[in-house]
Amino acid sequence: MDLILFGPPGAGKGTQAKVLQDERGLIQLSTGDMLRAAAAAGTELGRKSKAVMDRGDLVPDELVIGIIAERLEKPDCAKGVIFDGFPRTVAQAKALDAMLAGRGRKIDAVIELKVDDEAMVGRMESRVRENPGAARADDNPETLRKRLKVYHQNTAPLLDFYRDQGKLVTIDGMAPITDVSATVRRVVGQVGQPA
Ligand code: ADP
């Protein structure tokens, strides 16, 4: 089963992806984590991406499509993947469809965590207060607002792309984390079942 967790920065995609990874044995692929790892390791990809990420812009499509294509080759991805933070543009979504089709696979469901933008700023600020050591270079209110703007401009249009494919399921991402997990679990349990 291949899934996409969809939503703006701070919506809780990573948290829910980890739940599915633990419970379903799917592999979480977070392009944000992969790019930060590349930046920390000082690879060419990391050097190209770091400044773009730090200012809250999108890393060029060909770079993120490349890292996903490479990662999907690994045998652990054969069981299924949860895409977290990818795709973020229509070009990425089309490339992903083609990559999966080449492997006889497809996206089974796109789970949108619907949240309120202003609450995301508050969530990020309390996360940084609770765990300052884990704060990312892009975890500040100005950059988060930029990331939210980029989300609405470039990424939100993908909702129609997946709605047209009949794959979009929207759930309330403002509910308590355990309730969101319960709903995600239920949705995933229904994927692939006859209607
Ligand atoms: P968040 O969802 O909190 O914004 P991510 O960890 O998913 O955080 O992404 C952090 C940054 O990494 C983004 O602001 C962007 O610069 C870059 N990035 C991650 N995934 C992509 C992607 N699919 N396409 C382009 N840039 C990406």
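Above this text is the structure in question.
Residues numbered from 1 in each chain as written. Predicted model: local features only at pLDDT ≥ 70, side-chain atom pairs only at ≥ 80, totals over all residues. Heavy atoms only, no water.

1. Details of the pairing of strand 1 (residues 3-6)
Remember that side chains alternate between the two faces of the sheet whenever the strand is regular. Across the two faces of strand 1 the burial is the same, with Leu3 and Leu5 and Ile4 and Phe6 all buried. With three bridges connecting them, strand 1 and strand 3 (residues 81-84) associate as parallel partners. In the strand pairing of strand 3, Ile4 is matched with Phe83. Pairing of strand 1 with strand 4 (residues 109-114), which is carried by four bridges, proceeds in the parallel orientation. Within the sheet, the bridge partner assigned to Ile4 lies in strand 4 and is Val110. (Buried < 20%, exposed > 50% of the residue type's maximum accessible area, 1.4 Å probe, protein only. Helix = DSSP H or I, 4+ residues; strand = E, 2+ residues; numbered from the N terminus. Pairing = 2+ DSSP bridges.)

2. Re the site of the ligand
Neighbouring residues of the ligand: 18 residues in total, closest Thr31, Arg36, Asp57, Gln92 and Arg147. Contact between the ligand and Lys13: an oxygen atom at 3.4 Å from a side-chain N or O atom of the residue. Starting from 540 Å² of accessible surface for the ligand in isolation, the protein chains cover 95%. Top element by residues in the shell around the ligand is helix 2 (residues 31-41). It accounts for four residues. Its residues assigned to classes, the shell around the ligand shows seven nonpolar, four polar and seven charged. Of the domains in this structure, domain 1 (2-26 + 79-186) and domain 2 (30-77) are the two that each give at least three residues to the shell around the ligand. (Near = heavy atom within 4 Å. Polar contact = N/O pair within 3.5 Å; in protein donor to acceptor, adjacent residues only side chain to side chain. Areas by Shrake-Rupley, 256 points an atom, 1.4 Å probe, with all protein chains shown as cover. Nonpolar A, V, L, I, M, F, W, Y, C, P; charged D, E, K, R; others polar. Domains from an automatic or database assignment.)

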